[in-house]
Amino acid sequence: LFYNLRSLYICFKRNKIKVIDGSSINGQELLRYLAEFGAIAPSSHNTQPWFFEVKENSILVKSNTKRRLPDSDQHDRQFWISIGAAIGNIKKAAGAYGIEVKTHFIEGNPAMGTEIIFDTVYPRITNETVLQAIINRSTNRLPFKPDDIDNSILDNFKNEISTEIEIKFIKDPDLKEKVRTVVGKSAKAAFANKNFRRELSEWIKPSLDKYEDGMPGYVLPVPKLFSFILPFIIKHINIGAMQKKMHEHWLIHAPVYAVISGPDNISGWQLAGETLTHIMIAAESLGIRTGIMGAPIETGDYSEQLRQVIGGKQRPQVFMRLGYAEPTPYVSPRLSLNKTII
């Protein structure tokens, strides 16, 4: 009971974005507001590796290379997927106000930044459902309800997706079992790597509300007292066998798995990130929760094993599970906006 109350306290203490009616906001105030939606996008280890420069009629999304994960994300794949997720959040929020946008890479190079250009800074509508879904989205780390997700819903998730991206939703029991085997092995292998554990331990934080990034114990979720020793355990003890069982347990209780595949380069990774937020926001608006699992994507050759199992043509960039569940009673911490929005 104490743990749950503490989680709720943290959830409500942290400032959440409030939905603002489009008729009451425009200009630079609107662009800064939309940048705030980018700042609550999902990111690997909750590193939040971005800057948002608000201009006259555009938002320039830049990468913060100081927040890279050189051991668990050696090719910066998750880094750029996170940047793409932030871009996707901003584009979805703009669309909820009836504002069309276009994007381009600075000097044709995504590493130089991505500029989101707005056709107008005067909102025409306010789709509160989409805006609230962006705000409420969180990563589920608990089992889902057994309820099935209708195929028509999953098909709708594929709307408005780039032709460069391939999405596979997996419901067949035999195929799910094969995928679980790959994911379980990848989780065990990841935690056998001392460098991976050391880096992860630096982003696992005690359950205190002073932290602005990383993963405090209350988002994992673990009891508050245990959260103070968890970084030490992760750093010094190989808990791969336990992680394998935990990942398999999560997947056994998930009605649907999703694999987002695409080009294996920076622009492809950003597209995968945009696709990720597109699915997560659409799912959240229907009460469907999502949980991302990075091990089968970044560990060894397990992404290739996953591709072969599902019969995909491109490299898997994102793996996640979907299902119905109650909203999680916590939110991940966020950097102060003056540290991310220019």
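Predicted, not measured: the structure shown is a model, and the values here were computed from it.

K.L.:
Pulling in residues and values, what's your account of the confidence of the model for the protein?
P.N.:
Residues with a pLDDT of 70 or more make up 96% of the protein, whose mean pLDDT is 93. Across residues 5-14, confidence stays below pLDDT 50; counting only partners more than four residues off in sequence or on other chains, it has 22 contacts.

K.L.:
An account of unusual backbone geometry is needed here, citing residue identities and associated values.
P.N.:
Omega for the peptide link from leucine 220 to proline 221 comes to -10°, which places this bond in the cis form. Positionally, proline 221 belongs in the loop between β7 (215-216) and α8 (224-227). Backbone geometry places glutamine 48, a non-glycine residue, at a positive phi of 55°. Secondary-structure assignment places glutamine 48 in the loop between α2 (27-38) and β1 (50-54). The class of glutamine 48 is buried, set by a relative accessible area of 1%.

K.L.:
Explain the sheet that holds strand β4 (residues 114-118) to me, and be specific about the residues and the numbers.
P.N.:
Backbone-to-backbone hydrogen bonds join strands into a sheet, with any given pair of strands oriented parallel or antiparallel. The strand order across the open sheet built from four strands is β1-β2-β4-β3, with neighbouring strands paired in antiparallel fashion. Each of the sheet's edge strands pairs with one partner strand only, and the pair in question is β1 and β3 (101-105). Within this sheet the neighbouring strands show an average axis-to-axis angle of 20°, counted without direction. Here four bridges tie strand β2 (residues 58-63) to β4, and the two strands are oriented antiparallel to one another.

K.L.:
Explain the nonpolar core to me, and be specific about the residues and the numbers.
P.N.:
Note that soluble globular proteins tend to have their nonpolar side chains buried in a common cluster. Formed by 59 residues in total, the largest nonpolar core has its most connected members in Leu34, Phe52, Ile59, Phe118, Phe157, Phe169 and Leu322. Of all the elements, helix α3 (residues 77-96) adds the most residues to this core, at 11 residues. One finds Val179, Trp250, Tyr257 and Val259 within the second-largest nonpolar core, a separate group that totals 17 residues.

K.L.:
Go over the packing of helix α6 (residues 173-191) against helix α13 (residues 302-310), please, and point to the residues and values.
P.N.:
Contact pair α6 / α13: the axes reach a minimum separation of 10 Å and the direction vectors enclose 180°. In terms of orientation, α6 lies roughly antiparallel with respect to α13. Facing Leu175, Lys178, Val179, Val182, Lys185, Ser186 and Ala189 of α6, the residues of α13 in contact are Tyr302, Gln305, Leu306, Val309 and Ile310. Class assignment of the residues belonging to the contact of α6 with α13 gives a composition of eight nonpolar, two polar and two charged.

K.L.:
How would you sum up the packing of aromatic side chains? Please name residues and give values.
P.N.:
Applying the stated rule across the entire model yields seven aromatic pairs. Ring centres 5.1 Å apart and planes at 85° place the aromatic pair tyrosine 33 and phenylalanine 37 in the edge-to-face group. With tyrosine 33 and phenylalanine 37 both in helix α2 and four residues apart, this pair spans about one turn of that helix. In terms of burial, tyrosine 33 and phenylalanine 37 fall into one category: buried. Grouping aromatic residues by their ring pairs yields a cluster made of Tyr33, Phe37 and Tyr97. Seen from the ring of tyrosine 257, lysine 176 lies directly overhead, with NZ or CZ sitting 5.1 Å from the centre.

K.L.:
I'd like a rundown of the environment of tyrosine 330, residues and numbers included.
P.N.:
Among the secondary structure elements, tyrosine 330 is positioned in the segment after β10 (315-324). The buried category is assigned to tyrosine 330, whose relative accessible area is 3%.

K.L.:
How would you explain the side chain of histidine 278 if you had to name every residue and give the values?
P.N.:
Along the polypeptide, histidine 278 turns up in helix α11 (residues 266-284). Among the residues examined, histidine 278 registers a relative accessible area of 9% and is labelled buried. Engagement of the side chain of histidine 278 in a polar contact is seen with the backbone oxygen of asparagine 159, the distance being 2.9 Å. Residues within four places of histidine 278 in sequence aside, it is in contact with Lys92, Phe157, Asn159, Glu160 and Ile161.

Conventions and cut-offs
- Here, residues in each chain are numbered from 1, in the same order as that chain's written sequence.
- In keeping with the predicted nature of the model, local features appear solely for residues at pLDDT of at least 70, side-chain atom pairs appear and are counted solely at 80 or more, and the whole-chain, interface and lining totals rest on all residues.
- The side-chain numbers reported here are obtained from all heavy atoms of the structure, hydrogens and water having been left aside.
- Confidence scores labelled pLDDT are given residue by residue by the predictor and lie between 0 and 100.
- A contact between two residues is defined here by any heavy atoms of the two lying within 4.5 Å.
- Helical segments are the DSSP runs of H or I of at least four residues, strand segments are the runs of E of at least two, and each set is numbered from the N terminus.
- Type-normalised accessible area, obtained with a 1.4 Å probe on protein chains alone, sets the label of each residue: buried when under 20%, exposed when over 50%, and partly exposed for intermediate values.
- Between any two strands, pairing holds if DSSP finds at least two bridges.
- In this analysis, axes come from line fits to C-alpha atoms, helices being fitted only over the stretch in contact, and the angle between any two N-to-C directions falls in the range 0 to 180 degrees.
- Put simply, a nonpolar core is a bunch of buried Ala, Val, Leu, Ile, Met, Phe, Trp, Tyr and Cys residues held in one set by side-chain atoms that sit within 4.5 Å of each other.
- Note on angle classes: values under 35 degrees are labelled roughly parallel, values over 145 roughly antiparallel, values of 65 to 115 roughly perpendicular, and the remainder oblique.
- Put simply, Ala, Val, Leu, Ile, Met, Phe, Trp, Tyr, Cys and Pro go in the nonpolar bin, Asp, Glu, Lys and Arg in the charged bin, and everything else, Gly too, in the polar bin.
- Whether two aromatic rings pair depends on their centres lying within 6.5 Å, for rings of Phe, Tyr and Trp, where Trp uses its six-membered ring; planes under 30 degrees apart make the pair stacked, over 60 edge-to-face, and the rest tilted.
- Here, a charge over a ring is recorded when the distance from Lys NZ or Arg CZ to the ring centre is within 6 Å and its angle to the ring normal is within 35 degrees.
- Within 3.5 Å is the distance limit for a polar contact, defined as a pair of N or O atoms, with the added protein rule that one can donate a hydrogen and the other accept it, and that residues adjacent in sequence qualify only through two side-chain atoms.

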